[in-house]
Amino acid sequence: MNDEFLELCNLDTLAIRTGHSRTPEGEHSEPLFNTSSYVFESAADAAAKFAGDEAGNVYSRYTNPTVKIFQDRMAVMEGAEAAVATSSGMAAILSTCMALMQQGDQVLVSRSVFGSTSNLFGKILVKFGIDVVFVELSKLEDWKAAMTPATKMLFLETPSNPLCDVADLGALSALAKDNNCRLVVDNCFCTPALQRPLDLGADIVVHSATKYIDGQGRCMGGVVLGNEADMEEVLGFVRTAGPTLAPFNAWVFLKGLETLRLRMDAHCQNAQKLAEWLQKQDAIEQVFYAGLPEHPGHELAKKQQRGFGGVLSFRLKVSEESERRAAAWRFIDATRLVSLTANLGDVKTTIVHPATTTHSRLSPEEKVEAGITENLIRIAVGLEDIEDLIVDMKRGLSAL
Ligand SMILES: *Cc1c(COP(=O)(O)O)cnc(C)c1O
């Protein structure tokens with residue numbers, strides 16, 4: 001493979017062609033190296049590789065050729081110098097923090113992050129002397145006000161789950177640079193097909209590859225991307241502590257990356273159509289999707305994203321506070337095509353009641369603050385025919 005020639009290619013091509021150097025077998029598809037260790041030529045070769053004097057594979061907790069293809073391809077797609085794959089999205093976030101922070105450091109975390117991410121920071125990392133402060137994602141002045149000399153990292157997801165709030169990555173990266181700390185962006189919802197945070201000034205991107213990168217709900221995995229020096233630290237943690245990506249999962253993700261752009265465009269189209277249809281229904285109070293011009297994040301999303309993504313949410317019109325949960329549950333239970341599951345990023349559309357599932361850990365006050373009302377429903381729009389999805393939404397509405 002000619003790397004110099006590839007450098008001139010576009011994302012669609014890179015997603016298909018990067019990373020694989022054909023072995024002497026002449027295979028066309030990327031090979032799956034299911035091996036835990038590697039054999040040395042001689043005792044001297046083993047010694048040199050163990051000492052790090054010579055490059056080469058030693059053990060699959062350190063390096064694996066299939067995992068390396070996935071890392072190289074992700075790095076090219078995100079515009080990063082290097083990538084480190086991990087066993088899950090949570091392992092990517094944990095590894096980033098363990099590698100790049102220490103006792104006494106402070107991290108500012110968006111209040112609207114994935115539930116386990118919030119627990120990782122707020123319940124686990126705090127036990128190790130990391131000071132965690134939660135801030136409002138789209139309020140730049142909140143991030144500014146929370147900054148102290150101890151702040152070493154800003155952590156966020158944009159657009160947010162499930163209300164699609166959008167953070168200004170350019171402004172936040174400038175703030176991070178002024179304060180000599182890193183901006184870390186969980187780019188799971190957009191993927192590099194729709195948003196490249198490093199181009200907008202972020203220092204590190206993390207992914208749950210479990211979602212759109214796989215795209216068909218099969219494997220768990222994650223990846224961290226950034227500059228060489230930072231990724232050396234992250235790899236140091238991963239190869240020592242062991243949240244390593246399995247080669248089989250890396251191979252599945254490689255196949256996923258080949259169709260990522262096509263799938264993301266199709267997710268965006270279906271989500272846009274569904275959002276517009278939902279908005280017209282009398283029984284629906286409000287739809288949250290940045291592709292709608294009324295959404296507060298619309299203009300910013302248009303500027304920093306190539307598309308608005310596949311996740312949307314909406315509130316049912318229910319006047320009685322006490323009736324809201326029952327109405328949302330009736331809607332969900334009346335659907336037949338969409339899957340009632342908390343996963344997203346799948347070709348299969350999923351539906352969930354955030355207040356009693358993904359966001360159930362929040363206190364009643366926190367739910368109000370985060371906009372997670374009892375009449376809110378989240379949909380991760382898949383790639384089924386949009387007409388069939390609309391029929392299913394009608395089933396939900398008719399149960400109200
Ligand atoms: C799912 C998810 C994660 C966690 O990833 P896992 O692969 O489930 O560990 C992190 N961030 C976001 C935005 C997610 O949706």
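To keep things clear, this report deals only with the structure shown in the data block. (Residues numbered from 1 in each chain as written. Predicted model: local features only at pLDDT ≥ 70, side-chain atom pairs only at ≥ 80, totals over all residues. Heavy atoms only, no water.)

1. Focus on the packing of helix α5 (residues 89-100) against helix α10 (residues 228-241)
- Relative orientation of the contacting elements α5 and α10 amounts to 110 degrees, with a least axis distance of 8 Å. Considering the angle they form, α5 stands roughly perpendicular to α10. For the pair α5 and α10, contact is made by Ser95, Thr96, Met98, Ala99 and Leu100 and by Asp230, Glu233, Val234, Phe237 and Val238, respectively.
- Split into classes, the residues belonging to the contact of α5 with α10 amount to six nonpolar, two polar and two charged. (Axes fitted to C-alpha atoms, helices over the stretch in contact; angles between N-to-C directions. Helix = DSSP H or I, 4+ residues; strand = E, 2+ residues; numbered from the N terminus. Parallel < 35°, antiparallel > 145°, perpendicular 65-115°, else oblique. Contact = heavy atoms within 4.5 Å. Nonpolar A, V, L, I, M, F, W, Y, C, P; charged D, E, K, R; others polar.)

2. Remarks on the site of the ligand
- With respect to spatial proximity, 13 residues lie near the ligand, and among them Gly89, Asp186, Ser208, Thr210 and Lys211 are the closest.
- One nitrogen or oxygen atom from the main chain of Gly89 is found 2.9 Å from an oxygen atom belonging to the ligand.
- Note that an oxygen atom of the ligand is positioned 2.9 Å from one of the backbone N or O atoms of Met90.
- When the free accessible area of the ligand is taken as 380 Å², the share hidden by the protein chains comes to 93%.
- The residue makeup of the shell around the ligand, split by class, is five nonpolar, five polar and three charged. (Near = heavy atom within 4 Å. Polar contact = N/O pair within 3.5 Å; in protein donor to acceptor, adjacent residues only side chain to side chain. Areas by Shrake-Rupley, 256 points an atom, 1.4 Å probe, with all protein chains shown as cover.)

3. Side note on unusual backbone geometry
- With an omega of -5 degrees, the peptide bond running from Thr158 to Pro159 counts as cis.
- Of note, Pro159 is situated in the loop between β4 (151-157) and α8 (169-178).
- For Asn180, which is not glycine, the phi torsion reads 60 degrees and is therefore positive.
- On the accessibility criterion, Asn180 (68% relative accessible area) is exposed. (Buried < 20%, exposed > 50% of the residue type's maximum accessible area, 1.4 Å probe, protein only.)

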